[in-house]
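# Coordinate analysis (summary)
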Amino acid sequence: MDTNRLSPTLAKILNEQMTNEAHNAQIYLSYASWASEQGYDGIANFLFRHENEERNHMMKILEYILKRGAKVVVTAIPDPGPDPKSVNDCFEKVYKSEVENTSNIYRIVEMSMAEKDWATWNFMQWFVKEQTEEETLAIDLLDKIKIAGGEKATDSALYALNKEMETKPDEAVLAQDVTVDKP
């Protein structure tokens, strides 16, 4: 008996997203290694934590595909690309990667809505919120780097940012969680 509850198109796009999440993990791993080599251990720590988060996203999708009775297709992960040229470049690339990932998530949401696959639509809402958080976190970091001087940030500003990143929370405050009492 066939127990697959995913259409071929949704199974295909979910498998592609699983690979995208693995690719994003490789990007974070690559950038974390670069940051560590440059002596930015706090920034590296932050990026290594996010690498692990991306792998968890990959596993969530893998498990969902399996639990819906479809086939998981594991494919090669694309190369993460060249090392960043600077801390500013690193986080600009992180932001770009997260925006691309958000677009991919939205495509799956749109497709699940069009197919009236409400289970997949509901499953993907967690990723929609997660991407809002990831983009907000990247924007917040880019703002800090901009204040520090962007590409021309001084060593002391980068040192302070590096120290802060050692303990920076992995979550960002989202607009939907803000109140008058808790801005």
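What counts and what doesn't
- Residues numbered from 1 in each chain as written.
- Predicted model: local features only at pLDDT ≥ 70, side-chain atom pairs only at ≥ 80, totals over all residues.
- Heavy atoms only, no water.
- Helix = DSSP H or I, 4+ residues; strand = E, 2+ residues; numbered from the N terminus.
- Buried < 20%, exposed > 50% of the residue type's maximum accessible area, 1.4 Å probe, protein only.
- Contact = heavy atoms within 4.5 Å.
- Areas by Shrake-Rupley, 256 points an atom, 1.4 Å probe, with all protein chains shown as cover.
- Lys, Arg positive; Asp, Glu negative; His and termini not counted.
- Charge placed at Lys NZ, Arg CZ, Asp CG, Glu CD.
- 1 Å grid on protein atoms, 1.4 Å probe; cavity = no way out; pocket = protein on both sides within 12 Å on 5 of 7 lines; lining within 4 Å.
- Points joined across faces, edges and corners; volume = space filled by probe spheres on them.
- Nonpolar A, V, L, I, M, F, W, Y, C, P; charged D, E, K, R; others polar.
- Expected span 1.5 Å × (residues − 1).
- Bend = angle between axes of the 7 residues up to and from the residue.
- Core = buried A, V, L, I, M, F, W, Y, C linked by side-chain atoms within 4.5 Å.
- Phe/Tyr/Trp six-rings, centres within 6.5 Å; stacked < 30°, edge-to-face > 60°.
- Lys NZ or Arg CZ within 6 Å of the ring centre and 35° of its normal.

### Section: the overall build of the chain
In terms of helices and strands, the chain carries 5 helices and 0 strands. In the chain, the succession of helices and strands from N to C terminus is α-α-α-α-α. For the chain, the C-alpha atoms occupy an extent of roughly 65 × 45 × 20 Å along the three principal directions. Across the 183 residues of the chain, 45% fall into the buried class. For the chain, contacts bridging at least 24 residues in sequence account for 82% of all contacts bridging at least 6. As displayed, the chain offers around 10100 Å² of accessible surface, 56% of which is attributable to carbon and sulfur atoms. Within the chain, the 32 negative side-chain charges are centred at a point lying 4 Å from the centre of the 20 positive side-chain charges.

### Considerations on the layout of surface pockets
A volume near 180 Å³ is recorded for the largest pocket. Around the largest pocket, the lining residues are Asn20, His23, Asn24, Ile27, Tyr31, Pro80, Lys93, Lys96, Ser97, Glu100, Asn101 and Asn104. Of all the secondary-structure elements, those providing two or more residues to the lining of the largest pocket are helix 1 (8-37) and helix 3 (87-114). Sorting elements by how many residues they give to the lining of the largest pocket places helix 3 first, with 6 residues. Looking at the lining of the largest pocket residue by residue, the class counts come to 3 nonpolar, 6 polar and 3 charged.

### Quick word on the environment of Glu54
Here Glu54 is to be found in helix 2 (residues 41-67). Sequence spacing of Glu54 and Tyr28 is 26 residues, and the spatial spacing of their C-alpha atoms is 8.4 Å. Among all residues touching Glu54, those that are not within four sequence positions of it are Glu21, Asn24, Ala25, Tyr28, Glu98, Asn101 and Glu134.

### Quick notes on helix 4 (residues 118-148)
Helix length check: helix 4 (31 residues) gives 45 Å between terminal C-alpha atoms against 45 Å at 1.5 Å per residue, within 8%. Met124 marks the point of greatest bend in helix 4, at about 25°.

### Considering the nonpolar core
With 25 residues, the main nonpolar core has Ile43, Leu47, Val87 and Phe91 as its most contacted residues. Only helix 1, helix 2, helix 3, helix 4 and helix 5 (155-167) provide two or more residues apiece to this core. Of all the elements, helix 1 adds the most residues to this core, at 6 residues. Apart from residues no more than four positions distant in its own chain, Val87 is found in contact with Trp34, Tyr40, Ile43, Ile145, Leu158 and Leu161. Residues Leu10, Ala22, Ala70 and Phe123 belong to the second largest nonpolar core, which totals 21 residues.

### Considering the packing of aromatic side chains
Applying the stated criterion across every chain, the model contains 4 aromatic pairs. Centroid distance Tyr64 to Phe123: 4.1 Å. Interplanar angle 10°. Geometry classified as stacked. In this pair, Tyr64 is assigned in helix 2 and Phe123 in helix 4, connecting sequence segments 59 residues apart. Accessibility expressed as a relative area gives 10% for Tyr64, which makes it buried. Through a chain of ring-to-ring contacts, three or more aromatic side chains come together here, namely Tyr64, Phe123, Trp126 and Phe127. Seen from the ring of Trp126, Lys60 lies directly overhead, with NZ or CZ sitting 4.4 Å from the centre.

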